[in-house]
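# Descriptive structure summary
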Amino acid sequence: MPELVALPNIKSTGKRKMIEFKGYSNRPQISDGEMREMYNLSSDQYPYLTQRQPRGYYYENNYYTHEYGTQKPDTLSVRNDITNILSWKEKLVVIAGNDLYYNNVKVATLQETGDKKICGIGNKLCIFPDKIYYDIDTGTLHKLESVHKIVDTNVRLYTDCIVITHLSTDSNFKVGDAVTINLNFKENEKKYQRTVATIIKGIMTEGENTIIMVNDNTFTNDENAFGMLNLEPRITIKKSEDNKPINHINSGKYLKYVNGFMKRSVPDMDFIVENQNRLWGCKGSTIFSSKLGDPTNFNYFTSGITNNSADSYAVSVGTDGDFTGCVSFPSHIVFFKESYIHKLYGGNKPSSYQITTLECNGMEKGSHKSGVTVDGVLYYKSPIGIMAYTGDYPVHITSSFKYRYVNAVAGSDKQKYYISMKNTATNEWEMFAFDFARKLWHKEDNAHAVEFAVLNGDLLYLDKKETETGNLNDIRYIIAPSEEQIVKEDKKIPWQAVFGEFDEILENKKIYSKLQLRLTMEKEAELSVYIATDESEWLLVANLKNERKRSVYIPIIPRRCDKFKIKLEGVGRTRIESLVRLVREGSEV
């Protein structure tokens, strides 16, 4: 028997590596388990990889329209022109066209259509740029501003009072209003003009006349317009012989053919927010605050009273650029510019307010709806990506994103931060979700969210779809509360995950991999597995169509290469439970 030839000793070592399912990453170099591309995936069952939960129609008649093509009668009919939603006092506010709905009931008609800035304070729902408010107690719509034009009208004047004939019926002045009064009149063949700022102390009606009491000496006996009128207070208090006070009403000065106005004004504001029972806003480089508890007054400044907590407030900052948004934070209010954060601190007295400025990546212009505060962290979209702000310097949390995005809109259900934004490279909208606990990003789909709102713990969003016949806007749950409300396109959710590239060189030595994929597929789910080595095209290695729920093991063996990547595509519910890489070490490169 011939002697056997001894074979050379080849060093071979096997290694088993469990690949952790991570999130979305589009950096040039990504880690094993990160996905360069994904669609409709979620961290809900981490450490497993699963599809996102199906979304749901908010209105029952939306379900009937989409499923059966007919509308089911409801208080709020299906509207394709919805522009805004807001949760206020545990009820939903909807603006559709120029109609205002509250708790699914139409409550008012607005004069203007288009996107609005909405904010609730007390019992008032304030709407900009219209400068109106809906009073929840009375169920009525009012103007935040009020103006009465004086046109060739007779006016009676006192130092502390003005009597106006035929006050405008649509004016809504009230006691405590800060007003500006402008008067143009003629006396002794000479024309006079005077503008004064004052506060209304009382309003009385006598026939066709309205008596408006204002601050003492508002119309003073100065040398300008009122000096020659010899004005007196409307009421003089005298004492009788028995030393009892007697109120004496003076006749005042009667002026004919007066022109001018009385106005309670509200500044134009691009962004608004409520904080400590005040309506705050900003425009350009100016910050405004209303009177305490009164969003109709922004010029309420009491003279001679120290530290009046009810006063309005206004301040201009000196940084470059315009304000891009504002958000209420637990310890202060944050006013954003693209390159600055202005932090306003203080109690509820304007005299105690302080502003500090931080030069950093602020809020991007057009992404004012991206600011969301959860558990003491403010998340928002900056020009470089999504930032996390805790009161100090904001931290960039989307460094793994390759593309640039704009016009971000965001919301949160306290578990995740959902953000819809436009990809400038593809011009498409994309929805992402950031898991707070696991610090993972997942790309969901191409939903274009116009606005988010949290209603009774459920996160809603206004979904916008552009079609050839116009926009189709409807309100949806980010997670369907029941199977009956699942949107039509989410009955079987399509999904995708692209892993890799996996490098076949480790420490200058060639390695050879074999992958084992374990997953559980629900009934009627479909799955395709692809592999691409080096620069080759995708090659299908497995295609499954499930007739019943079952667990599946799929081996994936790359051909000899320097690197490879794996793509999973499916329809329906599939839970990817593990991806194991078996590595055999070869010779040195």
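Values in this document were obtained by computation on a predicted structure and should not be read as measured data. (Residues numbered from 1 in each chain as written. Predicted model: local features only at pLDDT ≥ 70, side-chain atom pairs only at ≥ 80, totals over all residues. Heavy atoms only, no water.)

Attention now moves to the packing of aromatic side chains. Taken as a whole and judged by the stated rule, the model has 27 aromatic pairs. Aromatic side chains Y417 and W441 sit 6.5 Å apart centroid to centroid with 75 degrees between the ring planes, which places their arrangement in the edge-to-face category. Of this pair, Y417 sits in strand 36 (residues 416-423) while W441 sits in strand 38 (residues 440-443), and the two are 24 residues apart along the sequence. With respect to burial, Y417 and W441 carry one shared label: buried. A ring pair is formed by F432 and W441, whose centres lie 6.5 Å apart and whose planes are at 85 degrees; its orientation type is edge-to-face. Under the relative-accessibility criterion, F432 is labelled buried at 0%. What makes W441 buried here is its relative accessible area of 4%. Ring pairing ties together the aromatic residues Y24, Y379, F401, Y405, Y417, F432, F434, F436 and W441, which thus form one cluster. A cation over a ring is seen here: K337 above F323, with NZ or CZ 5.2 Å from the ring centre. A cation over an aromatic ring shows up here: K567 above the ring of Y530, its NZ or CZ 4.9 Å from the ring centre. (Phe/Tyr/Trp six-rings, centres within 6.5 Å; stacked < 30°, edge-to-face > 60°. Helix = DSSP H or I, 4+ residues; strand = E, 2+ residues; numbered from the N terminus. Buried < 20%, exposed > 50% of the residue type's maximum accessible area, 1.4 Å probe, protein only. Lys NZ or Arg CZ within 6 Å of the ring centre and 35° of its normal.)

With that settled, the discussion passes to the sheet that holds strand 25 (residues 286-289). If you walk across this open sheet you meet the four strands as 23-24-25-26, and the pairing is antiparallel. Only two strands of the sheet have a single partner each, and these edge strands are strand 23 (271-275) and strand 26 (313-316). Mean inter-strand twist for the sheet, computed between neighbouring axes without regard to direction, equals 15 degrees. Where strand 24 (residues 278-283) meets strand 25, four bridges bridge the pair, whose relative direction is antiparallel. Within the sheet, the bridge partner assigned to K283 lies in strand 25 and is T286. (Pairing = 2+ DSSP bridges. Axes fitted to C-alpha atoms, helices over the stretch in contact; angles between N-to-C directions.)

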